[in-house]
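# An overview of the molecular structure
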Amino acid sequence: DSKTLVRFIEDLERLANQAGVALSIESASLPQSADGYPSFRLTASGSFNGIYRFVAMLETMKYFIAFDGVRILKETGKAPWSAAIQFQLSSFSPL
């Protein structure tokens, strides 16, 4: 339901803050069919340790997440590292 999705996004933002990374939710889409799952595309930027910690925290969230891809890149400029993360939220309620 929509309240669970809002709570999930708030949890994502909290984890990013704890890991010390800047989080941008690039897209969030609801399932196209009754048996589908919401999908998300995120970008996180910060130190390598922060990015790594954020991804590890995603894996241990109280929701079941099925990753489609995680790409960590070295950037130039303010934030030296960034990650492009794609996943599906396979459980709507906390585990």
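As the structure is a computational prediction, the values presented were derived from the model and not from experiment.

This next bit is on the packing of helix α1 (residues 2-19) against helix α2 (residues 48-59). Packing of α1 against α2 leaves a shortest axis separation of 9 Å and a crossing angle of 145°. Of the two elements, α1 crosses α2, and the hand of that crossing is right-handed. Across from L12, L15, A16, Q18 and A19 in α1, the residues of α2 making contact are G50, R53, F54, M57 and L58. Here the contact of α1 with α2 is built from residues that sort into seven nonpolar, two polar and one charged.

Okay, α1 next. The terminal C-alpha atoms of α1, which comprises 18 residues, lie 26 Å apart, in line with the 26 Å expected from a rise of 1.5 Å per residue. Listed in full, the buried residues belonging to α1 are T4, L5, F8, D11, L12, L15, A16 and A19. Projected onto a plane normal to the axis of α1, the buried residues spread over an arc of 135° and lie on a single side. Along α1, the residues that are exposed and aim more than 90 degrees away from the buried face are S2, K3 and N17. Elements in contact with the buried residues of α1: β1 (22-29), β2 (39-46), α2, β3 (65-74) and β4 (81-89). Phi for G20, located one or two positions after α1, is positive at around 75°.

All right, on to the nonpolar core then. Formed by 22 residues in total, the largest nonpolar core has its most connected members in F8, F54, M61, I85 and F87. Those elements giving two or more residues to this core turn out to be α1, β2, α2 and β4. Per element, the largest residue contribution to this core is six residues, and it comes from α1. The residues contacting F54, other than those within four sequence positions of it, are L12, L15, A16, A19, V21, L23, L42, A44 and I85.

Structurally, S82 can be placed in strand β4. When neighbours within four sequence positions are excluded, S82 is seen to be in contact with A44, S45, I51, R71, I72, L73 and E75.

The next thing to look at is the pattern of salt bridges. For the structure on display, the rule yields two salt bridges. Residue D11 is joined to R14 by a salt bridge in which the shortest nitrogen-to-oxygen separation is 3.7 Å. In this pair, D11 and R14 both sit in helix α1, three residues apart, roughly one turn of the helix. Residue classification places D11 among the buried residues on the basis of a relative accessible area of 8%. With relative accessibility at 40%, the residue R14 sits in the partly exposed group. Taking the shortest distance from any N to any O, the salt bridge between D11 and K62 comes out at 3.9 Å. Here D11, found in helix α1, pairs with K62, found in the loop between α2 and β3; they are 51 residues apart in sequence, far enough to count as distant. The class of K62 is partly exposed, set by a relative accessible area of 40%. By sharing partners, the salt bridges in this structure join D11, R14 and K62 into a single network.

Rules used in this analysis
- Residues numbered from 1 in each chain as written.
- Predicted model: local features only at pLDDT ≥ 70, side-chain atom pairs only at ≥ 80, totals over all residues.
- Heavy atoms only, no water.
- Axes fitted to C-alpha atoms, helices over the stretch in contact; angles between N-to-C directions.
- Helix = DSSP H or I, 4+ residues; strand = E, 2+ residues; numbered from the N terminus.
- Left-handed = near helix turned anticlockwise from the far one by under 90°.
- Contact = heavy atoms within 4.5 Å.
- Nonpolar A, V, L, I, M, F, W, Y, C, P; charged D, E, K, R; others polar.
- Expected span 1.5 Å × (residues − 1).
- Buried < 20%, exposed > 50% of the residue type's maximum accessible area, 1.4 Å probe, protein only.
- Arc of directions from axis to C-beta.
- Core = buried A, V, L, I, M, F, W, Y, C linked by side-chain atoms within 4.5 Å.
- Salt bridge = Lys/Arg side-chain N within 4 Å of Asp/Glu carboxyl O.

That's the geometry; what it means functionally is another story.
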